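# Close look at the chain arrangement
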Amino acid sequence: MPAHIAPHKSAEQDPGVEHRLAMSRLLVGGEEGLSVCGLELERPGASYTVDTLERIHASEPDSELTFIVGADIARTLPAWREPARVLELARLAIAERDGTSSEEVLETIAALRSGGERSGNVATRGDLEVSFLRMPVIEVSSSSVRGRVERGEAVDQLVGPRVARYIAEHGLYRSGAGGNG
């Protein structure tokens, strides 16, 4: 789900919502069980997770939501808008990232909930349940992709061939080129 405006990111190299939506669709196109949602693009201004979860919950009140985020980003949760409400609206599933342990994540969100125990890759603190996804760590970030594109390096292995082709065709993330980048 692409954000309309990410509240904690610089818009300096943002190619625009239309391009981010198109690239998201290219990335998941044909993958069973995956789709792209443009919900945050329908609202003007900054996209806050709590607002999006509230809207999804209002339209699908019986659905159980799981919010998947990298461990590095999960550690910033206390600085988000209404973080306790985010945790009420959705379970957390945390993808491991080098340099951030599951213990660090749990300590960070402990201020939002008290108590806790752990069993395997699931930890609880109060009524909060956090799942730690066991998968290979994939070191890719939007800033590393933008940097590689700007240096003229291939990004196919990072974003897939369809998205890489789209980036090249639209001249995204190149200094002085079109596409806001």
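Residues numbered from 1 in each chain as written. Predicted model: local features only at pLDDT ≥ 70, side-chain atom pairs only at ≥ 80, totals over all residues. Heavy atoms only, no water.

## What to know about the packing of aromatic side chains
- Counted by the stated rule, this structure contains 1 aromatic pair.
- Look at Phe67 and Trp80: their rings are 5.8 Å apart centre to centre, the planes differ by 75°, and that puts the pair in the edge-to-face class. Taken together, the residues Phe67 in strand S1 (residues 66-70) and Trp80 in the loop between helix H3 (71-74) and helix H4 (83-89) connect sequence positions 13 residues apart. Take Phe67 and Trp80: they sit in the same class, and that class is buried.
- Sitting over the face of the ring of Tyr48, Arg81 holds its NZ or CZ atom 3.7 Å from the ring centroid. (Phe/Tyr/Trp six-rings, centres within 6.5 Å; stacked < 30°, edge-to-face > 60°. Helix = DSSP H or I, 4+ residues; strand = E, 2+ residues; numbered from the N terminus. Buried < 20%, exposed > 50% of the residue type's maximum accessible area, 1.4 Å probe, protein only. Lys NZ or Arg CZ within 6 Å of the ring centre and 35° of its normal.)

## Section: the nonpolar core
- In terms of nonpolar packing, the biggest core is built from 20 residues, with Leu77, Leu92, Ile94 and Val130 touching the most fellow members.
- Put simply, the parts of the chain that give this core at least two residues each are helix H2 (49-59), S1, H3, H4, strand S2 (91-95), helix H5 (102-109) and strand S5 (128-133).
- Leave out the neighbours within four places in its chain, and Leu77 touches Pro83, Val86, Leu87, Leu92, Ile109 and Leu112.
- Among the nonpolar cores identified, the runner-up in size contains 11 residues, and Val145, Val149, Val159 and Val163 belong to it. (Core = buried A, V, L, I, M, F, W, Y, C linked by side-chain atoms within 4.5 Å. Contact = heavy atoms within 4.5 Å.)

## Considerations on the side chain of Glu40
- Relative to the helices and strands, Glu40 is located in the loop between helix H1 (17-28) and H2.
- Comment: no salt bridge for buried Glu40; closest opposite-charge side chain is Arg43, at 4.5 Å. (Lys, Arg positive; Asp, Glu negative; His and termini not counted. Salt bridge = Lys/Arg side-chain N within 4 Å of Asp/Glu carboxyl O.)

## A closer look at the environment of Leu89
- On the secondary structure map, Leu89 appears in helix H4.
- Assessed through its relative accessible area of 5%, Leu89 is described here as buried.
- Separated by 36 residues in sequence, Leu89 and Leu53 place their C-alpha atoms 6.4 Å apart.

## Examining unusual backbone geometry
- One non-glycine residue, Glu82, lies in the positive phi region at around 50°.
- Tracing the backbone shows Glu82 in the loop between H3 and H4.
- When its relative accessible area of 45% is taken as the criterion, Glu82 is described as partly exposed.
- Positive phi, close to 65°, is recorded for Tyr173, a residue that is not glycine.
- By the element assignment, Tyr173 lies in the segment after helix H8 (161-170).
- When its relative accessible area of 9% is taken as the criterion, Tyr173 is described as buried.

It is worth stressing that arrangement in space is one thing and function is another; only the former is reported here.
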